[in-house]
Structures are given as structure tokens and as C-alpha cells.
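Fold and geometry: a report
Okay, here's what each chain looks like letter by letter:
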Amino acid sequence: MIVTWLYVPGDRPERFAKAAASGADAVIVDLEDAVAHARKEEALANVLAFLRERPAGPQVHVRINDLTTERGRADLRALDGLPGLDGLRVPKVESPGVLDGIRTPVHALLESAAAIVGAAAIAAHPAVAGVALGEQDLAAELSITAPEALDQLRLQVVLAAAAAGLPPVAMSVYPDIRDEDGLVASCARGRSMGLFGRSAIHPAQVPAIRRAFRPSPEEVARAAEVVEAAERAEAAGVGALALADGRFVDAPVVARARRTLELAERLAP
Ligand SMILES: CC(C)(COP(=O)(O)OP(=O)(O)OC[C@H]1O[C@@H](n2cnc3c(N)ncnc32)[C@H](O)[C@@H]1OP(=O)(O)O)[C@@H](O)C(=O)NCCC(=O)NCCSC(=O)C[C@H](O)C(=O)O
Ligand SMILES: [Mg+2]
């Protein structure tokens, strides 16, 4: 289960080992927007060398360039199917056709109006293992300045991913690396909307993201209460019940409580 994804620019190979040791579940070496045009070839060479020595630990993904450009297609030719590569993050996907024939699991970045409108078709492509929003590009294209204005678009992508049977959508990067309180509050909002996990741009963001997606002790206690009450009811042949505080419990409530307990166990510090 991937909770934290840490980006590291492909032209900063001296930072790759630090990214791998950051505690992130996946490292994404970026060949796209974090790398200047003049250094794209060098960045690709760095990634290929990194994959040859692939460290034990987190998954290694690479964000290639836009597949509608020759640069993106060259990245794909060099990387697709390489051992040690766990996933390709493909930016600026606007239609599923650009993904035809890719063998490596694709995490498609939806970061334009056209991408959000086409989210269901992109998510349903057989190469796609996950979708995520690119909120910096999306907000720029739509001239959105209030983060909450993105909520409806986030929900559209959450829905598209779920309908295609994909894992929950991870949140886009939080751009202020010094604002941990803002990062945590933003994760809580995303979590309440069904998003799960988040991309980071700095190692310092990794522990805060992990904590933000771990169920709180109160949530764990409530979930345990629900599961225990449901098990007692089941033994007595009762399907639906109300807890002492009036909360109604039936099958979906129990299923959610079990997921909370499982998540708490998997994300235990
Ligand atoms: C944001 C940064 C440019 C900040 O760099 P810097 O100012 O050098 O950071 P620090 O001085 O605080 O660094 C302290 C130490 O941490 C290491 N470090 C910093 N960042 C990383 C990293 N990402 N991975 C690994 N290690 C990192 C430094 O080496 C220092 O180590 P030490 O010397 O031992 O103390 C920088 O953090 C950075 O480049 N971040 C990644 C940017 C990136 O890849 N962006 C692409 C993704 S953004 C995106 O996806 C947007 C999306 O497309 C959309 O549209 O929404
Ligand atoms: Mg982007």
C-alpha cells in the first residue's frame, strides 16, 4: 500500500539515495517539469543508472515527459519494461489512446480540463494502474486560486478511479514545503473526500503525510466498538443494530470499520 510518493528531480542524482531513504513508499524520479529542457537527456541517463543499481526499499517510479511530444516518446522507449521500474507516471494525459501498448503499470496524471472530462475513459485503459490529479497545472489552466474550488474536480477523479476498479486516488503535491499545518489540514480534507495518500516534493513532508492518513486513536476506538457490537449481534442472529450512543450499524458500517482497523494496523508507526 503506497501512502507517500516522493518526487526527486532526475537531474539531481545526488538526491536519489536520500529520497529512497526518506521513508516514502515510492520514489518518483521526475524527468518532466522539475528538469530544464537542456538537462532532459542527462536526467534520463541518471534514471537509467539508478534503475540498474535499484536500491532495496521503496518502489521506484519515473515521471516521463508528455507522450504527445517526441521527448516523452523517447523517455518511454528507453524505460518501458525495464527491470527495477515499478511504474511510469505519465503527465498531461488527455485521452487513453496515448497509453496504448505500454507494458509498465501507468499512473496517469490528469491535469487539464480535457483530462478531467475524459477521466473515466483514461482510468479504464488496461495499462492504467492508478490515476492522480496534477493540481498545479489544472489550477493554472483554469485560473483557480482557491484550493477548495478543486474539490468538485477531485471528486470526479475519485469516482472515475473507483468505477474502473483502481486504487483510491492519491493527492497532488502540497507546494509550500515549510507549511506543515497547511499540509496536514489539506490531507484531512482530501481524506474526507475519499482521496488516499499523497505525493510529496520534499522529504520533510513524508512523515506528516503518513500521519495524516493513519486513522486516529478515536477512529480506531470507534471502529473497534462497531466491529465488536456487530460480532455480538451476528452471534445473536441480528443484522442491524444501534450502539448505546444511538449510532446505527449495518453491513457497510461494519465493512468500513474493519477497513479502518486494517489500515491502522498497516500504518502503525
Ligand atoms: C523544492 C526543492 C527545490 C527544495 O530544494 P532545497 O531548497 O535544496 O531543499 P532543502 O535545502 O530544504 O534540502 C534539505 C535536504 O533535503 C534534500 N532534499 C530536498 N528535496 C529533496 C527531494 N525531493 N528528494 C530527496 N532529497 C531532497 C536536500 O538534498 C538536502 O539534503 P542534505 O544536503 O543532506 O541536507 C526540492 O525539494 C525539490 O527539488 N523537490 C522536488 C521537486 C519536483 O520533483 N517537482 C516535480 C513534482 S511537482 C508536480 O508533480 C506538480 C504536478 O505536475 C502538478 O501539476 O500539480
Ligand atoms: Mg503538472
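Residues numbered from 1 in each chain as written. Chains lettered and ligands numbered in written order. Predicted model: local features only at pLDDT ≥ 70, side-chain atom pairs only at ≥ 80, totals over all residues. Heavy atoms only, no water.

Turning to the coordination of the magnesium ion (ligand 2), a few remarks are in order. Protein coordination of the magnesium ion (ligand 2) is provided by Glu111 (OE) and Asp137 (OD), with donor distances spanning 2.0 to 2.2 Å. You can see Glu111 sitting in the loop between strand S5 (106-110) and helix H4 (113-117) and its partner Asp137 sitting in helix H6 (residues 135-142), a full 26 residues away along the chain. Using a relative accessible area of 6% as the deciding quantity, one classes Glu111 as buried. Owing to a relative accessible area of 26%, Asp137 belongs among the partly exposed residues under this scheme. (Donors = N, O, S within 2.8 Å, 3.2 Å for Na, K, Ca; no water. Helix = DSSP H or I, 4+ residues; strand = E, 2+ residues; numbered from the N terminus. Buried < 20%, exposed > 50% of the residue type's maximum accessible area, 1.4 Å probe, protein only.)

As a packed pair, helix H10 (residues 217-235) and helix H11 (residues 251-266) sit with axes 8 Å apart at the nearest point and diverge in direction by 130°. Classified by the interaxial angle, the pair formed by H10 and H11 is oblique. Pair H10 / H11 crosses with left-handed handedness. Here H10 contributes Glu219, Val220, Ala223, Ala224, Val226, Val227, Ala230 and Glu231 to the contact with H11, which in turn contributes Val253, Val254, Ala257, Arg258, Thr260, Leu261 and Ala264. Broken down by class, the residue content of the contact of H10 with H11 amounts to 11 nonpolar, one polar and three charged. (Axes fitted to C-alpha atoms, helices over the stretch in contact; angles between N-to-C directions. Parallel < 35°, antiparallel > 145°, perpendicular 65-115°, else oblique. Left-handed = near helix turned anticlockwise from the far one by under 90°. Contact = heavy atoms within 4.5 Å. Nonpolar A, V, L, I, M, F, W, Y, C, P; charged D, E, K, R; others polar.)

Here the focus is the pairing of strand S6 (residues 128-133). In terms of burial, S6 is a largely internal element, five of the six residues being buried. Of the strand pairs in this sheet, S5 and S6 are connected by five bridges, and their pairing is parallel. Across the sheet, residue Ala108 finds its bridge partner in S6, namely Val131. (Pairing = 2+ DSSP bridges.)

Our focus in this paragraph is the nonpolar core. Residues Leu79, Leu88, Leu99 and Val131 are the most contacted members of the largest nonpolar core, which totals 63 residues. Apart from the residues lying within four places of it in its own chain, the contact partners of Leu88 are His61, Val62, Ile64, Leu76, Leu79, Asp80, Ile102, Thr104, Pro105, Val106 and His107. The next biggest cluster of nonpolar side chains, apart from the first, holds 11 residues, and it includes Ala230, Ala233, Val249 and Ala257. (Core = buried A, V, L, I, M, F, W, Y, C linked by side-chain atoms within 4.5 Å.)

So, on to the UniProt feature "domain: HpcH/HpaI aldolase/citrate lyase" (unreviewed entry) in the chain. Feature annotation in UniProt places "domain: HpcH/HpaI aldolase/citrate lyase" (unreviewed entry) on residues 5-96 and 104-203, given in this structure's numbering. Between the end C-alpha atoms of residues 104-203 there is a gap of 26 Å, over a span that is 44% helix and 14% strand. (UniProt positions renumbered as here; feature names shortened; annotations may be inferred.)

The subject of this paragraph is the packing of aromatic side chains. Applying the stated criterion across every chain, the model contains two aromatic pairs. Relative to Phe213, the ring of Phe196 lies with its centre 5.5 Å away and its plane at 75°, an arrangement referred to as edge-to-face. Residue Phe196 is found in the loop between helix H8 (180-192) and strand S7 (198-200), and its partner Phe213 is found in helix H9 (residues 205-213); the two are separated by 17 residues along the sequence. Considered together, Phe196 and Phe213 belong to a single accessibility category, that of buried residues. In this structure, Arg89 packs its charged tip against the face of Trp5, placed 4.7 Å from the ring centre. (Phe/Tyr/Trp six-rings, centres within 6.5 Å; stacked < 30°, edge-to-face > 60°. Lys NZ or Arg CZ within 6 Å of the ring centre and 35° of its normal.)

Turning our eyes to something else, we now look at H11. Residue pairs three or four apart in sequence face the same way in an α-helix, which turns once every 3.6 residues. Taking 1.5 Å per residue, 16 residues should reach 22 Å; H11 reaches 23 Å between its end C-alpha atoms and fits that length. Those residues of H11 that are buried are in contact with H9, H10 and strand S9 (248-249). (Expected span 1.5 Å × (residues − 1).)

In a regular helix each residue adds 1.5 Å, so 13 residues correspond to 18 Å; helix H7 (residues 151-163) covers 18 Å between its end C-alpha atoms and thus fits that length. Inspection of H7 places Asp151, Leu153, Arg154, Val157, Val158, Ala160 and Ala161 among the buried residues, and these make up the whole buried set. Residues of H7 that are buried in the fold lie against S5, H4, helix H5 (119-123), S6, H6 and H8.

It is worth spelling out the pattern of salt bridges at this point. One pass over the full model with this rule turns up 25 salt bridges. The partner of Asp137 in a salt bridge is Lys92, with the nearest N and O atoms 3.3 Å apart. Pair noted here: Asp137 is in helix H6 and Lys92 is in the loop between strand S4 (87-90) and S5, with a separation of 45 residues, a long-range link. Overall, Lys92 belongs to the partly exposed group, its relative accessible area being 26%. (Salt bridge = Lys/Arg side-chain N within 4 Å of Asp/Glu carboxyl O.)

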